[in-house]
Every structure is written in structure tokens, then in C-alpha cells.
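Below are the chains, spelled out letter by letter.
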Amino acid sequence: MTTVILKPHKEESLKRFHPWVFSGAIAKVVLDASHKSAAPEEGEMVCVRSSANEALGVGHWQVGSIAVRILDFAAEELPRNFWHERIRAAYKVREAIGLIRPDNNTYRLVHGEGDFLPGLIVDVYADTAVVQAHSVGMHVSRNEIAKALMEAVPQIQNVYYKSDDTLPFKAQIEGEKTGWLIKNQESKIKDLDEFWSMENGLSFRIDWLRGQKTGFFVDQRENRALVERYAKGKDVLNMFCYTGGFSLYALRGGAQTVDSVDVSQKAIDLVTINVARNFPKATNHQAVVADAFEYLSAQKAAGKTYDLIILDPPAFAKHRDAVKNALRGYQRINAKAIEMIRPGGILFTFSCSQAVDKEAFRLAVFSAAASIGRNVRILHQLHQPQDHPINIYHPEGEYLKGLVLYVE
Ligand code: SAH
């Protein structure tokens with residue numbers, strides 16, 4: 001196996017189980033005999049050693065500032081049952097926290113570094129796992145991962161692979177980036193237009209082919225349940241609704257009316273289908289295709305107000321350099337929403353930008369509230385759910401944050 005030797009003292013973070021080796025920490029790379037090239041192949045398994053030749057772990061080689069993502073700290077090569085054991089351990093967590101139930105078969109099974117599998121995401125919808133590779137190493141291992149998923153998780157019958165948008169775009173990739181890895185003829189899947197998955201007793205049409213990410217935002221489950229608690233008798237606006245997760249919980253919670261807004265027609269079509277399936281008699285739901293800023297301005301001009309607003313925008317900052325603009329965006333959209341809340345109303349506001357930390361986000365919302373001049377109390381500080389765990393050695397895994405505000 002190819003060996004990566006670190007500069008003196010650069011082993012410290014690995015000894016504290018942080019799973020990334022930065023390229024600047026590397027003294028030299030000793031290629032194994034099979035290489036014709038001058039550098040490791042992207043995605044190749046390598047062994048990392050300290051300057052004193054102590055074995056520190058094995059992981060996937062990657063081109064870029066993160067050069068290795070460690071999979072196993074204890075081994076000099078990957079143990080034979082590695083994929084099965086890691087996936088089984090992740091499954092046991094979901095089982096232990098009560099996520100696998102007849103009325104809930106939608107959950108994240110593998111959350112990258114948070115489940116000690118850097119670069120791998122697996123979401124489960126009913127009998128199907130949707131796998132996303134964020135590194136070439138995980139792409140190279142995709143068939144072994146699919147096999148391990150089938151063996152480790154009794155419910156999984158099919159494995160779909162969707163990595164077109166997540167693999168490093170400059171990498172030379174062999175093989176398909178999207179498609180079935182395993183499709184069981186006996187499975188419920190005949191036609192994706194009729195594929196349903198259940199979250200807390202609510203049914204959602206999941207379309208990973210045409211949908212965003214793996215087809216659904218699994219990370220808002222707990223926060224949606226909180227909306228349900230507060231929705232009774234309220235006029236609700238679910239802004240950036242995507243497939244209508246928050247809207248269904250608000251309807252079940254007894255909202256008076258729910259308006260779901262998203263800029264994507266495809267998203268709005270799915271919201272409409274999901275509402276019809278769960279609440280076939282509902283006449284109090286409206287789905288609108290519109291840009292958030294334009295919608296809020298137009299509604300304000302028309303004198304419209306709401307009791308409860310949910311703002312769950314896409315990541316405004318995808319990179320560190322975009323943080324300043326993102327904060328301005330959060331401030332603007334929150335000010336517009338706070339303005340439209342009736343006295344005594346509630347705002348659920350989120351940021352899923354990893355690069356914006358919770359203090360910065362809270363400051364942006366604070367500035368928004370101050371600019372409108374209303375009395376605002378923080379009722380809840382929300383975060384990502386238990387099936388999106390944060391590896392304690394990898395704090396970078398924290399990304400979703402939210403505030404629930406009472407607006408006087
Ligand atoms: N709240 C959703 C997830 C939101 S994802 C859930 O619980 O599932 C972000 C959504 O914002 C996407 O559906 C995207 O289409 C939408 N979006 C992006 N830009 C927008 C804009 N300017 N106005 C309205 N919606 C927008």
C-alpha cells in the first residue's frame with residue numbers, strides 16, 4: 001500500500017482522531033510498486049505514518065487541500081469487514097434512538113464524518129438506500145458499500161447511487177456517477193412516480209432522480225415536529241418549502257391555513273401531491289411558485305400577515321468567502337419575515353450553511369429584529385437531528401442551526 005509520511009509534529013490532530021490530513025502536513029509519499037504515475041491515484045487507499053514511522057491510520061487519498069480522509073485509525077490496512085461493521089454500527093444508533101418504526105422509515109443512515117465514514121452519505125427511504133459519495137474514494141468503494149448496506153440493514157432491498165453533484169468536479173471518475181447499484185425485483189419499487197416513504201406517520205413522495213440532494217431533506221424531522229406543536233389555529237407560511245415537510249406537520253397540528261412557497265415548480269408539484277395524499281379533504285392549503293423576496297414584498301404591500309412563518313432557505317454561503325454576503329441575505333429575509341408576523345406570532349428561521357456558525361447566524365437575525373424594532377424572544381435554539389450526528393473529534397460536522405422566535 002502507498003504510504004504517506006507526515007512532517008514532524010503533524011500527527012497531533014490525527015492522534016486526537018480528527019479524520020483529515022491536510023496536504024501541507026505531508027513530508028513525502030512512498031508509492032507502492034503498482035504505480036506508473038508519480039502520485040497516488042485519487043481515491044486510492046493509503047496508510048499514514050508519522051515522521052517517526054508510527055502508523056496513524058488508513059484512508060482515502062484525495063487531490064486538494066484535504067489530502068487524506070482517514071477511515072480507520074487503528075489499522076495499517078482496512079479490516080476485511082470494515083464496511084459491514086461501520087454501517088451496522090450506524091444502523092444500531094438509529095435503532096437505539098427509536099427512528100426505525102412502522103410509522104417512520106425515513107432516516108439518514110450514514111452521515112459522513114459523523115458516522116466515522118468521511119465522504120459518505122446514505123439516506124434510507126422505505127426499502128431503498130440512496131448513497132452519495134463526496135470523495136473519489138467512496139466512489140471507488142461504492143459496490144462494496146452497497147453490498148454491506150444490504151447485509152447490515154434488514155429493510156434495505158435496493159441501493160441507488162446519486163453522486164453527479166457531489167464528487168469533486170475535476171476528478172477523473174471511472175464508472176457511472178448515478179444509477180442503481182442493486183435493484184431487487186421483489187421490491188416495492190416499480191415506478192418512482194409512486195414511491196412513498198414515511199416520516200412520523202406522514203407520507204412523502206420521494207423522487208431522488210429529479211429531486212434535490214437524495215430526494216428529501218431528512219434533517220428537518222425534529223424541527224417539523226415542533227412546528228406541529230405550535231400550529232393549532234394559526235395562519236402559517238412555509239417559505240422555501242421544497243416538498244412541503246413543514247406544511248404537512250402544520251396541517252396535522254391543526255393550522256387554520258398553510259401557504260407553501262418555493263421558487264421551483266417541481267417542488268410545488270410535489271407539495272401538492274403530498275398534501276393530497278395525507279389530507280385529501282384539505283381546503284386550507286395553498287402552494288405558490290415564487291421567489292421568496294418577491295413573495296414577501298408583494299404580500300406585505302397587500303397587507304398580508306401570518307401567525308407562524310418558517311424560513312428554511314438553501315445554504316446562502318457554500319464557501320468561507322461567501323459568508324459576508326450570506327449574512328446580509330439572512331438579515332434581509334429575516335427582516336422581511338419579522339415584519340409580516342402578527343403580534344404574538346412565531347418565526348422558525350434556519351441556516352444550513354456550514355460556513356456560517358451559530359453565533360454569526362444569531363447576530364444576523366438579531367440585526368433583522370433590531371431593524372424592524374419589535375420585541376423578540378428566543379424560545380428554542382434548534383440544530384440538526386440525531387441521525388446527523390457530529391463526530392466529537394470533527395466539530396466541522398455541525399451545520400444546521402435554527403431559532404424559534406416569539407415576536408411581540
Ligand atoms: N424546508 C424544506 C427544505 C428547503 S431546501 C424541507 O423541509 O424539505 C431550500 C428550497 O429553497 C429549495 O426547494 C429551493 O427550490 C428553494 N429556493 C431556492 N431559492 C429560492 C428563492 N429565491 N425563493 C424561493 N425558494 C427558493
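Structure's up top.
Residue numbers restart at each chain and count upward from 1, following the sequence in its written direction. Per-residue local features of the predicted model are confined to residues with pLDDT of at least 70, and side-chain atom pairs are confined, for both listing and counting, to 80 or more; whole-chain, interface and lining totals are unaffected and use all residues. Water and hydrogen atoms were dropped before computing side-chain values, which therefore reflect all heavy atoms in the structure.

Participant: Got a minute to help me understand the pattern of salt bridges in this structure?
Facilitator: Oppositely charged side chains can form a pair if their charged atoms are brought close together. Any Lys or Arg side-chain nitrogen located within 4 Å of an Asp or Glu carboxyl oxygen qualifies as a salt bridge. Summed over the entire model, instances satisfying the criterion amount to 18 salt bridges. With a shortest N-O distance of 3.7 Å, Glu-151 and Lys-147 are connected by a salt bridge. A residue pair is termed a helical-turn pair when its members lie 3 or 4 positions apart in one helix, as Glu-151 and Lys-147 do in helix H4 (residues 142-152) at four residues. Through salt bridges with shared partners, one network takes in Arg-221, Glu-222 and Asp-387. Secondary structure follows DSSP: runs of H or I at least 4 residues long count as helices, runs of E at least 2 residues long count as strands, and numbering of each begins at the N terminus.

Participant: What should I look at first to understand the sheet that holds strand S5 (residues 55-61) in this one?
Facilitator: Neighbouring strands of a sheet are bound in pairs by backbone hydrogen bonds; such pairs are parallel or else antiparallel. Only strands that DSSP links by at least two bridges are regarded as paired with each other. If you walk across this open sheet you meet the six strands as S2-S6-S5-S4-S1-S3, and the pairing is mixed. Whereas interior strands pair on both sides, the edge strands pair on one side only; in this sheet they are strand S2 (20-22) and strand S3 (26-30). Neighbouring strand axes in the sheet, compared pairwise and without regard to direction, differ in orientation by 35° on average. Pairing of S2 with strand S6 (residues 66-72) involves three bridges; the strand directions are antiparallel. Each bridged residue has a counterpart across the sheet, and for Phe-22 the counterpart in S6 is Ile-66. On top of the sheet, helix H2 (residues 82-96) reaches S5 and S6; it is set at about 80° to S6, its chief contact. Fitted lines through C-alpha atoms give the axes, limited to the stretch in contact for helices. The angle between two N-to-C directions lies from 0 to 180 degrees. We call two residues in contact when some of their heavy atoms are within 4.5 Å.

Participant: Mind showing me how you'd approach the site of the ligand here?
Facilitator: Taken together, 15 residues surround the ligand, and among them Arg-224, Asp-262, Asp-291, Ala-292 and Asp-312 come closest. In the analysis that follows, any N or O atom pair within 3.5 Å is treated as a polar contact, provided that within protein one partner can donate a hydrogen and the other can accept it, and provided that, for residues neighboring in sequence, both atoms belong to side chains. Between a nitrogen atom of the ligand and a main-chain N or O atom of Val-263, the distance comes to 3.2 Å. Computed by Shrake-Rupley with a 1.4 Å probe, the accessible areas treat only the displayed protein chains as cover when residues are assessed. Relative to its unbound accessible surface of 590 Å², the ligand loses 88% to contact with the protein. Gly is put with the polar residues, along with every residue not named as nonpolar or charged; the nonpolar set is Ala, Val, Leu, Ile, Met, Phe, Trp, Tyr, Cys and Pro, and the charged set is Asp, Glu, Lys and Arg. Here the shell around the ligand is composed, by residue class, of nine nonpolar, two polar and four charged. The criterion for a residue being near a molecule or strand is simple. One of its heavy atoms has to lie within 4 Å of it.

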